[in-house]
Structures are given as C-alpha cells and as structure tokens.
Amino acid sequence: MANHDYEVHEHDVIVIGAGGAGLRAAIEAAAQGVSVGLVCKSLLGKAHTVMAEGGIAAALGNVWPEDNWQVHFRDTMRGGKMLNNWRMAQLHAQEAPERVLELERWGALFDRTQEGLISQRDFGGHRYARLAHVGDRTGLEMIRTLQDHAIHQGIEFHMEHTVAALLKDGDRIAGAFVYERERGRCLVIAAKAVVLATGGIGRAFSITSNSWEYTADGHALAYHAGAELLDMEFVQFHPTGMVWPPSVKGILVTEGVRGEGGVLRNKDGKRFMFDDIPENYKAQTADSEEEGWKYTQGDKNSRRPPELLTRDHVARKIMQEVREGRGSPHGGVFLDIAWIKARVPGGAEHIKKKLPSMYHQFKQLADIDITQEPMEVGPTTHYIMGGVRVDADTQMSTVPGLFAAGECAAGINGANRLGGNSLSDIIVFGKRAGEYAAQYAKTQSGANIDTRQADEAARRALEPFERSTSGEGPYQVQYALQEMMQDLVGIVRNENEMQRALVGLAPLRERAKRVGVGGHREYNPGWHAALDLHNLLTVSEAITRSALERRESRGGHFRDDYPTKDARFGTINFVVRKGRDGQMEVFSVAIPEMPEELKRVIDEMQ
Ligand SMILES: Cc1cc2nc3c(=O)[nH]c(=O)nc-3n(C[C@H](O)[C@H](O)[C@H](O)COP(=O)(O)OP(=O)(O)OC[C@H]3O[C@@H](n4cnc5c(N)ncnc54)[C@H](O)[C@@H]3O)c2cc1C
C-alpha cells in the first residue's frame, strides 16, 4: 500500500466500541457539544453487552427498601476482596440507580414488581435482591435503548471497522488507525480524545462465554500506546457454562437460574455447596435447603442458599467435585431448576417465563428441556477484572487524552466482580468517560497526525498477505495459545505451570509474526484473526506475569501453591506497562488509604 493511501476523518472525541460503555460514553460526549465518532468491529447492536442475561445491579430499593448505596458499596468491596479502587466502587454504587432510571426514561421496559416498580432479582454476593432485569435478556433491552437514543445525537458511526493502532502526538493521544472489515480499506481518524470501550479478553482461553469480539484489543491498544494495565491476574471464571455438546462448551448459563431457585448437585445427587461456606459469608448463608429456597422466593426472614455465594468460590467448588470424581458424565456438575415444579404452581411455565433464553438455549443446542431435567454445567472464562488503569472520577488513563470505560478498564471490581455489576459499571463509567473526554477535548488544540505512525500501522496490518502461501494459518496459533492459557493459567494456577506458559509464549509470538493469509482484503476473517492474535498474546503475557507475582489466592486468582489469602498482598495492586526496552514490566502499587467514612460503612455492615 502506498504511503498515506487512506481516508482521514476527524472528531473531537472518538469512542472505540459500541457496547453499553461505548454507547453511553458517545451519548454523553455528544451532549457536551463536541463532535463524536464511534468505531465498532461489528454492526451496531451486536456488541457483547447484548448477550448479558441476568440484570443490572443498582440499589433502587424496590424489593428491599433496606437497600442503599452503602450496602451495594460494601458488597462490591467485599466481593472484590478489598482490592477494588474504593472511589470507583463508591461512585458506582451511588450513581447506578440514576443511570438505570435514565434508561427507563429513554424507553427501557424492565420487569415490574406487583406495585409496578422495576423488579429486582437475587445474584451472588449481593446482600439484597438488586438486579433490575428483563427476563434473562437484560443486555438486549439495554443495548436497544442506548442505541435508539444514540442514533439521534449526531454521532458519526463507523460500523464494522477495527482499530488496529492508536496514534500519538508526543505524549498525548492523536487518533486511531482503523481498517474497514467489509472492504479492507484503511483509514485514519484524528481525535483530541479517545475513549476505549472494547470489552474483554475471553478469547485468550479455550473455554469461554465470550464472543469472537473479545480479543483484548483495547487492553493491547492501550498498553502499546504507553498506558498502564492494572489487576491483570484477575480473570473471572463463571461457575456455570454449558459443558455439552462440545460445539457449545463455555456458553453461559446465567446466574439467574440459581437466583430463581436452581440448585447444584453432584453425580450422587448431593447439594455439595452446603459443605464449605466461607467464614465471612456464614452469617448470611442459609443452613438448610428449605431456608435457601424460601430466600429465592422473597422470604425476607431467610438467608441466601450457598449456590449464591460469590462466583470464584462456586467455580472452585464445582472444579473440586469434578476433580474428585463426583462430576457429571461430561465433566461438569448438575444444575437443576426443574425441581422447583414441586413447589411452584404451573412450574414448567413459570420456568419458561423467568428464564426464556435458558429454556431455548438448552432445547436448541443440547436437546434438553430444563423444565424436565437438570443441565450439565462447569466453569467458563467469562470476564476480566483487570484492564486499563484509570482515574476513578474521569476515567482518563495514564496517557493524556486516552480514556477507558467498561470491561476494558480496571478498578471497580478488585479481585472479583459480582454478577450484575458490569452492566451498572458500563453505564456509570461510560457516562463519566464521555463527559470528561469531551471536557478534555475542549481544552486541546487539534493533535498532529504523524503519517509515519499510520504508515507503520498499515504495514503491520497488511504484512500477513505477503506470506499468503508460505505462512502458517492464524487459527492454529490462536488455538495453541488458547489451549495453553486454559491449561496453565486457568482456574487453578501454580508457579511451575505459569513459568511454562511464559516460556511457551515466546515461540507463539514468533509463529504469530510469521502467519500468512490468503485471499483478498474484503471481509477476510483469517486476516482479522491474524491481527487479533497479537492482542491476545499481549494480554496473555500480562495475565501470566501478574499472576506469577501474586503469590496468594484471592478472588478470581487461585494458586494451589499459595492456597490462602496473604495479608501482604491485601494492600497492593499489580500494574503492567511497556518498559523503555519494549519488554513488559510488572510492579506493585499500594492501594490508597480509604477515607474514614467509607471504612465505617464497611465496618458497620459486617
Ligand atoms: C453471556 C454473558 C452474559 C452476561 N450477563 C451479565 C449480566 O447479567 N449482568 C452483568 O452485569 N454483566 C453480564 N455480563 C458481562 C457484561 O455483559 C459485559 O462485561 C459488558 O457488557 C461489557 O460491556 P462493554 O461496553 O465494556 O463491552 P462490549 O459490550 O463487549 O462492547 C465492546 C465493543 O467494542 C468493540 N470493539 C472491540 N475491539 C474493537 C476494535 N479493535 N476496534 C473497534 N471496535 C472494537 C466491539 O465491536 C463492541 O462494539 C455477561 C457477559 C456474557 C458474555
């Protein structure tokens, strides 16, 4: 490709990603009166947010008037094992209710209580039923609402475009280098501020609930642009993904099933979750099956069943059953919602009404009727707590003009995310990122585009075509990476295996540099996979290096060579950045002291 052979667009702010975080950021930036461009890999409405099922956590207090931001803050910090950025956890708990009500004003139709308020359901780790939902299709309603609103705000949409590199002007951000997926053309978008809202990294592992879009692009773009990544060792393995048939392994089975009374059993029919309830959750957990059932049906004098303990704990308990030979035929355990028919009038219809997507998912993909028989489930890579290190209030990264929000940013979740807290995170911090990116852009003159950076990005993007006949296909390398990460840096980790992963990354990186792609540039998935591969390798290294440093077990990070929490690691986060020599470096930072009033909130609610 000849130098400078690309279109140039210009905006004050560009947002990369059209999930909940990106759409909310773009809406807010446009409301501040700046010009906004939004770039996304797929068609509008197809972002990962659309797959979210269970609900949005917000202390609306509709079902439990006792609920308030303080309890939500406390639950989030406790779920995150106190490694969270407390300021983000505070803002999130305080602002989530208003963001949900705003969605309602913009047209979202949530399920209702008898009194006509937004209904709220139970999820693990939340003290009260707190998740606003639309059956088990909450993400669809959220994305539909945000999208309908966004298209009237004068935002310029660049759909089916992938950002392959960020461009800089000295230290500050200057824009992005983009390729058009459909026609393969390259373009440059100049911008004074960039908001990353690219979601997660699930495709670095072989078993995942994540879609093809989750290839860690934002994490890698930020890292190569000089930003810092935080908490990368904390990957969330959701306890319940489908395990059978193999073609659908990893697809999520929402926690909503357990919230509606679904129970976990091993092959002997035993409810094993009662066997091991962590000390700090004992007081809030039911000690009989009857009490747990009553809780899921809204009895305020009962305590939650152990199936609704935090995800890290439930996932490890399932793994233990499987490893010790008490698993189901296909390497999982049984999740049974059909049993509630004995308790609920019109039980089968009730299940279909509460969990319509789950009913169809199992019927169509596994030929299982969940109103009649149990599901087989096991842990699946679901979410990353780690991401771009940002300022809590503004969401700006350590690179001036580069902002991040949603799953690709870090801080709010600490060592473990509570279910439902992502949908609220993305609208709370999406709004903030859009607002502060616009404010920042207003203070800046136009950034200069360095054409050499764009040319270099184009050269790198197109080089796999030069090896169309000689190079290895990208998918072989991708599969090898995914298998290695799953086996060596997965749900149970140790020094020896992670060192092997680190060693294994070097040859994979070499292979990735040599992959070849045939055909032309128009909608060529092999080409896209070849480019995504570099992002997956970057993020895999960041996860492995951070996980090696954290010599303890906490939240989503479990090491069988250090199986307990260690207080020395309870006050630090690990940060990854690109060193001057181009190599990845990891260092620890102390978590700032929490203000007294927030400490009191946590202490008073123990
Ligand atoms: C099956 C499933 C169920 C879930 N259920 C819940 C739930 O009930 N409650 C909850 O709180 N959370 C849930 N989650 C988690 C939650 O859905 C996600 O964490 C959240 O939607 C992430 O939103 P986001 O805006 O950060 O990213 P996304 O919604 O994934 O959007 C990412 C966007 O970035 C774009 N993009 C990525 N890379 C590039 C690039 N290089 N160039 C251009 N564009 C790019 C993509 O095209 C997409 O538009 C669930 C997740 C899954 C997988």
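See above for the structure.
As a convention, each chain's residues are numbered from 1 in the sequence order in which they are written. It should be noted that, the model being predicted, local features are given only for residues of pLDDT at least 70 and side-chain atom pairs only at 80 or more, the latter also being counted only at that level, while totals for whole chains, interfaces and linings use all residues. With hydrogens and water set aside, each side-chain value is computed from the structure's full complement of heavy atoms.

Asker: I'd like to hear about the overall build of the protein, residue by residue, with values.
Answerer: Counting secondary structure elements, the protein contains 16 helices and 18 strands. As a reference, a globule follows 2.2 Å times the number of residues to the power 0.38, and the radius of gyration itself is taken over C-alpha atoms. Taking 25 Å as the expected radius of gyration for a compact globule of 606 residues, we find that the protein reaches 23 Å, a close match to that expectation. Dimensions along the principal axes, computed over C-alpha positions, put the protein at roughly 70 × 50 × 50 Å. Burial analysis of the protein (606 residues in total) assigns 64% to the buried set. Across the protein, every contact between residues at least 6 apart in sequence was considered, and the portion connecting residues at least 24 apart equals 73%. Counting every atom, the protein has about 22200 Å² of accessible surface; 48% of that belongs to carbon and sulfur. Positive residues here are Lys and Arg, negative ones are Asp and Glu, while His and the chain termini are left out of the count. One atom stands in for each charge, and that atom is NZ of Lys, CZ of Arg, CG of Asp or CD of Glu. Side-chain charges in the protein split into 72 positive and 82 negative, and the spacing between the mean points of these groups amounts to 2 Å. Elements are defined by DSSP. Helices are runs of H or I of four residues or more, strands are runs of E of two residues or more, and each kind is numbered from the N terminus. Only protein chains enter the area calculation, which uses a 1.4 Å probe; residues under 20% of their type maximum are buried, those over 50% are exposed, and those in between are partly exposed. Contacts are residue-level and defined by heavy atoms, with any inter-residue pair within 4.5 Å sufficient. Accessibility throughout is a Shrake-Rupley quantity obtained with a 1.4 Å probe, and a residue counts as covered only by protein chains that appear here.

Asker: I'd love a proper account of the sheet that holds strand β15 (residues 387-388), names of residues and values included.
Answerer: For two strands to be treated as a pair, DSSP must find no fewer than two bridges joining them. Spatially, the 4 strands line up as an open sheet ordered β15-β10-β17-β18, and their pairing is antiparallel. Taken across any chain shown, the strands that pair with only one partner, and hence form the sheet edges, are β15 and β18 (584-590). Fitted lines through C-alpha atoms serve as axes, helices being fitted only where they are in contact, and the angles separating the N-to-C directions of these axes extend from 0 to 180 degrees. Helix α5 (residues 217-224) contacts β10 (229-230), β15, β17 (572-578) and β18 of the sheet and is inclined by roughly 70° relative to β17. With respect to the sheet, helix α15 (residues 525-549) is in contact with β10, β17 and β18, its orientation differing from that of β18 by roughly 50°.

Asker: Explain the site of the ligand residue by residue, including any values.
Answerer: Close to the ligand lie 40 residues, the nearest being H48, T49, G54, E213 and Y214. Nitrogen and oxygen atoms within 3.5 Å of one another constitute a polar contact, given that in protein one can donate a hydrogen and the other can accept it, and given that sequence-neighbouring residues count only through two side-chain atoms. Side-chain polar atom of E407 to an oxygen atom of the ligand: 2.7 Å apart, as the coordinates give it. Against a free-state accessible area of 1000 Å², the protein chains account for coverage of 99% of the ligand. Looking at the shell around the ligand, the elements with two or more residues in it are α1 (20-31), β7 (161-169), β14 (375-384) and α11 (421-442). If one sorts the elements of the shell around the ligand by residue count, α11 sits on top with 4 residues. Think of it as three bins: nonpolar holds Ala, Val, Leu, Ile, Met, Phe, Trp, Tyr, Cys and Pro, charged holds Asp, Glu, Lys and Arg, and polar takes everything else, Gly as well. Partitioned by chemical class, the residues of the shell around the ligand number 15 nonpolar, 19 polar and 6 charged. One heavy atom suffices: a residue is near a molecule or strand as soon as one of its heavy atoms comes within 4 Å of it.

Asker: Can you tell me about the packing of α1 against helix α4 (residues 138-150), naming the residues and giving the values?
Answerer: In contact at an axis separation of 10 Å, α1 and α4 are set at 30° when each is read in the N-to-C sense. Taken together, the axes of α1 and α4 lie roughly parallel to each other. α4 is crossed by α1, and the crossing has left-handed handedness. Taken together, the residues of α4 that come into contact with α1 (itself represented by G20, L23, R24 and I27) are I143, L146, Q147, H149 and A150. Broken down by class, the residue content of the contact of α1 with α4 amounts to 5 nonpolar, 3 polar and 1 charged. Every angle not falling under 35 degrees, over 145, or within 65 to 115 is termed oblique; those three ranges are roughly parallel, roughly antiparallel and roughly perpendicular. Handedness of a crossing is defined here by the sense of rotation of the near helix relative to the far one, left-handed for an anticlockwise turn of less than a right angle and right-handed for a clockwise turn.

Asker: For the state of the cysteines, give the residues involved together with the corresponding values.
Answerer: Each disulfide consists of one covalent bond between the sulfur atoms belonging to two cysteines. The disulfide criterion used throughout: a pair of cysteine sulfur atoms within 2.5 Å. One pass over the full model with this rule turns up 0 disulfides. Here C186 is not disulfide-linked; the sulfur of C40 is the nearest cysteine sulfur, at 17 Å. A residue is classified by how much of its surface remains accessible, and C186, at 5% relative accessible area, is buried.

Asker: Tell me about the pattern of salt bridges, and name the residues and values.
Answerer: The working definition used for a salt bridge is a side-chain nitrogen of Lys or Arg within 4 Å of a carboxyl oxygen of Asp or Glu. According to the stated counting rule, one finds 57 salt bridges in the structure shown. For R130, the salt bridge identified is with D67, shortest N-O distance 2.8 Å. With R130 in the loop between β4 (120-121) and β5 (131-132) and D67 in the loop between β3 (56-57) and α2 (69-79), this residue pair connects regions lying 63 residues apart in the sequence. Classification of R130 by relative accessible area gives buried; the value is 0%.

Asker: Any details on the packing of aromatic side chains? Residues and values, ideally.
Answerer: In this analysis, rings of Phe, Tyr and Trp, with Trp reduced to its six-membered ring, are considered paired at centre separations within 6.5 Å, and the interplanar angle assigns stacked below 30 degrees, edge-to-face beyond 60, and tilted for intermediate values. With the rule as written, the count across this model stands at 10 aromatic pairs. Measuring from centroid to centroid gives 6.1 Å for Y6 and F177, while their planes differ by 85°, and the two rings are edge-to-face. Taken together, the residues span a long stretch of sequence, with Y6 in the segment before β1 (7-16) and F177 in strand β8 (residues 172-180) at a distance of 171 residues. Its relative accessible area of 0% is what places F177 among the buried residues. An angle of 65° between the planes, with centres 6.2 Å apart, marks the rings of W69 and F73 as edge-to-face. Note that W69 and F73 are positioned in helix α2 at a spacing of 4 residues, about one turn of the helix. Accessibility expressed as a relative area gives 24% for W69, which makes it partly exposed. A relative accessible area of 0% means that F73 is categorised as buried. The rings of Y179, F465 and W527 are connected pair by pair, giving a single aromatic cluster. Criterion for a charge above a ring: Lys NZ or Arg CZ within 6 Å of the ring centre, and within 35 degrees of the ring normal. When the ring centre of Y281 is taken as reference, the NZ or CZ atom of R78 above it lies at 4.7 Å. Its guanidinium or amino end placed over the ring of W64, K300 lies 4.9 Å from that ring's centre, counting from NZ or CZ.

Asker: Residue-level account of the sheet that holds β4, with values.
Answerer: Strand order in the open sheet made by the 3 strands is β3-β5-β4, with antiparallel pairing throughout. Of all the strands in the sheet, just β3 and β4 have a single pairing partner and so form its edges. Pairing analysis gives 2 bridges linking β4 to β5, with the strands arranged antiparallel. Bridge pairing in β5 places Q120 opposite A132.

Asker: Explain α1 residue by residue, including any values.
Answerer: Between its terminal C-alpha atoms α1 stretches 16 Å, which fits the 16 Å expected from 12 residues at 1.5 Å a residue. The element α1 is extensively covered by neighbouring structure, given that 11 of its 12 residues are classed as buried. Those residues of α1 lying buried are G20, A21, G22, L23, R24, A25, A26, I27, E28, A29 and A30. Between the first and last residue of a helix there are one fewer steps than residues, each counted as 1.5 Å, and that sum is the expected span.

Asker: Which residues make up unusual backbone geometry, and what values do they have?
Answerer: The bulk of non-glycine residues show a negative phi, and the bulk of peptide bonds are trans. Here the residue pair W244 and P245 is connected by a cis peptide bond, since its omega of -5° sits within 30 degrees of zero. One can find P245 in the loop between β11 (235-242) and α6 (256-259). The phi angle at Y523 is positive, at roughly 35°, despite the residue not being glycine. Here Y523 lies in the loop between α14 (495-513) and α15.

Asker: Tell me about the pairing of β17, residues and numbers included.
Answerer: Of all 7 residues in β17, 5 are buried, a share of seventy percent or more. Inspection of the sheet shows β10 paired to β17 by 2 bridges, in the antiparallel sense. Among the inter-strand pairings, L230 is bridged to a residue of β17, identified as V575. Strand direction decides the pairing type here: β17 and β18, joined by 7 bridges, are antiparallel. Bridged to V575 within β18 is F587. Joining the antiparallel neighbours β17 and β18 is a turn of 5 residues, in which G582 adopts a positive phi near 85°.

From the geometry alone we can't say anything about function, so treat these as descriptive.
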